Amino acid sequence: MSVAVLLLLGLGLLEAEGRCFLNRIQEHCVCYNLSEESAGSIIQCLPASVVEFRGGELERYIALPISDPDPSIIETLNSLLVRKIIFGDLLVPEILLARVLKFFSYTKVEELVFENCVFEGRGNWDEMIDQHLPMFSLSFHNVTSAPLTGREQDLSHLSSWLGTLQDLTITSSHVTSLPCAIGRVFRALRSLDVAQNRLEDGSLMPAFCEGAFPQLRRLSLRCNNLTSYHNVCESLRLLSKLQHLDLSQNKLLADPSSSCQWPASLQIFNLSSTGLVEVLTPLPPSLEVLDMSCNHLHTVDISLSSLKKLFLSQNVL
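If you're wondering where the values come from, they're calculated on a predicted model, not measured in any experiment. (Residues numbered from 1 in each chain as written. Predicted model: local features only at pLDDT ≥ 70, side-chain atom pairs only at ≥ 80, totals over all residues. Heavy atoms only, no water.)

K.L.:
Even after reading the chapter, I still don't get the overall build of the chain, so can you show me in this structure?
P.N.:
Across its full length, the chain carries eight helices and 15 strands. Of all 317 residues assigned to the chain, the portion counted as buried reaches 49%. Sequence-distant contacts in the chain: of pairs separated by 6 or more residues, those separated by 24 or more amount to 64%. About 14900 Å² of surface is accessible on the chain, with carbon and sulfur atoms providing 51% of the total. (Helix = DSSP H or I, 4+ residues; strand = E, 2+ residues; numbered from the N terminus. Buried < 20%, exposed > 50% of the residue type's maximum accessible area, 1.4 Å probe, protein only. Contact = heavy atoms within 4.5 Å. Areas by Shrake-Rupley, 256 points an atom, 1.4 Å probe, with all protein chains shown as cover.)

K.L.:
Even after reading the chapter, I still don't get the state of the cysteines, so can you show me in this structure?
P.N.:
Here, the word disulfide means a covalent bond between the sulfur atoms of two cysteines. All chains considered together, the criterion is met by four disulfides. At a sulfur-sulfur separation of 1.9 Å, the disulfide partner of Cys180 is Cys209. For the disulfide bridge between Cys180 and Cys209, the dihedral angle about the S-S bond is near 80 degrees, and by the sign convention the bridge is right-handed. In this pair, Cys180 is assigned in helix 6 (residues 180-185) and Cys209 in the loop between helix 7 (201-207) and strand 11 (218-220), connecting sequence segments 29 residues apart. Relative accessible area serves as the criterion here: at 13%, Cys209 is assigned to the buried category. Put simply, Cys233 and Cys260 are joined by a disulfide, and their sulfur atoms are 1.9 Å apart. Between Cys233 and Cys260, the S-S dihedral sits near -90 degrees, and the bridge is therefore left-handed. Within this pair, whereas Cys233 is found in helix 8 (residues 229-235), its partner Cys260 is found in the loop between strand 12 (244-246) and strand 13 (268-270), the two being separated by 27 residues in sequence. Both residues of the pair, Cys233 and Cys260, belong to the buried class. When the bonded cysteines of the chain are numbered from the N-terminus onward, they pair as 1-3, 2-4, 5-6, 7-8. (Disulfide = S-S within 2.5 Å.)

K.L.:
Would you mind going over the packing of aromatic side chains with me for this structure?
P.N.:
Aromatic ring pairs: the centre-centre distance and the angle between the two ring planes describe each pair. Throughout the structure, instances matching the rule amount to 10 aromatic pairs. Ring plane angle 10 degrees and centroid distance 5.5 Å describe the contact between Phe114 and Phe140, whose orientation is recorded as stacked. Separated by 26 residues along the polypeptide, Phe114 in strand 6 (residues 111-115) and Phe140 in strand 8 (residues 137-141) bring together distant segments of the chain. With a centroid separation of 6.1 Å and 20 degrees between ring planes, the pair formed by Phe186 and Phe213 is classed as stacked. Pair noted here: Phe186 is in the loop between helix 6 and strand 10 (191-193) and Phe213 is in the loop between helix 7 and strand 11, with a separation of 27 residues, a long-range link. Each member of the pair Phe186 and Phe213 is classed as buried. The rings of Phe53, Phe87, Phe114, Phe119 and Phe140 are connected pair by pair, giving a single aromatic cluster. (Phe/Tyr/Trp six-rings, centres within 6.5 Å; stacked < 30°, edge-to-face > 60°.)

K.L.:
Whenever I open this one, the pattern of salt bridges confuses me. Can you help?
P.N.:
If the charged atoms of two oppositely charged side chains come close together, the side chains can form a pair. Per the stated rule, a full pass over the model turns up five salt bridges. Taking the shortest distance from any N to any O, the salt bridge between Asp89 and Arg54 comes out at 3.6 Å. Of the two residues, Asp89 is situated in the loop between strand 4 (84-88) and strand 5 (91-93) and Arg54 in strand 3 (residues 50-54); the sequence distance between them amounts to 35 residues. The exposure class of Asp89 is partly exposed, given its relative accessible area of 40%. As a salt-bridge pair, Lys308 and Glu288 come within 4.0 Å of each other at their nearest N and O atoms. Taken together, the positions of Lys308 in the loop between strand 14 (289-291) and strand 15 (309-311) and Glu288 in the loop between strand 13 and strand 14 put the pair 20 residues apart, joining distant regions of the chain. A network of salt bridges, in which partner residues are shared, links Glu52, Arg54, Asp89 and Glu115. (Salt bridge = Lys/Arg side-chain N within 4 Å of Asp/Glu carboxyl O.)

K.L.:
Got a minute to help me understand the pairing of strand 8 in this structure?
P.N.:
If a strand is regular, its side chains alternate between the two faces of the sheet. Burial of strand 8 is extensive: four of the five residues sit out of reach of the surface. Examined bridge by bridge, strand 6 and strand 8 share five bridges and lie parallel to one another. Note on strand 8: the bridge partner recorded for Val113 is Ser139. Sheet topology note: the strand 8/strand 9 (residues 167-171) ladder contains five bridges and is parallel. Across the sheet, Ser137 pairs through a bridge with Asp167, a residue of strand 9. (Pairing = 2+ DSSP bridges.)

K.L.:
Looking at this structure, how should I read the environment of Ser228?
P.N.:
Locating Ser228 in the fold gives a position in the loop between strand 11 and helix 8. Those residues in contact with Ser228 that lie beyond four places of it in its chain are Asp201, Leu252 and Leu253. Among the polar contacts listed, one links the side chain of Ser228 to the backbone nitrogen of Asn231, at a separation of 3.1 Å. (Polar contact = N/O pair within 3.5 Å; in protein donor to acceptor, adjacent residues only side chain to side chain.)

What follows is the structure, encoded as structure tokens:
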């Protein structure tokens, strides 16, 4: 069995008849609904650095036995040029994903993306204990899965990999909470994007508890259900290395008497479209970029020697 068919079987992508299309200029290859008969077209993707697999339901492959690859297959996997893999429009049984994720340890894939996917059931992640994977970026957009609460044990089995992850994106996925224990797994994470979810003020304090996301530099909470300027500030005060914070498109109510201190490391602060009627102080002393556009500001009184860019369009100055 060819390595292409093995991977497609392992990832459950042999579904309806399909084929792969390579854009040589962009080094981008897209495969639609591959079947075992058409899996040979994946050879077109060998020059690609980005490969997409689109379409299919994977339930029929849950019982498929997946053994460790032999040395020749490992050598082939390690020689592939692909650096980014995108899975889209898929129903993904988590138990199958757990069994085949270790295949990526034999590749040089750096980014793994899931778009418009439904994760079904619970996987057994025991085989991933102490398993290192090359991916440093993991993204989920418009995905559905079991709630993160109660999944701490599953993620602990993945901690050898997740502890080295640098970028995590979970957008438009109805996320309502990030348990404290989960944040502590991501010891090296530098960028976290949880925009367009359902996070509320009360869910932030547990998410950014003591020891969670200790290396975080960039955080996007854009377009969630946040309402209290003060509570958000208090919830993020432990992120001592945070440099870029995006709170835009949340309807924030602010108490002018609030004296909460934002992380002193903050350099870029996006408060656009938050409904604020004034620029509240104190602001971080090292702030370089402040976006207050699309608010209800009548006046602006800011004195920061570090400030380089100030955005104030669409206010009532």
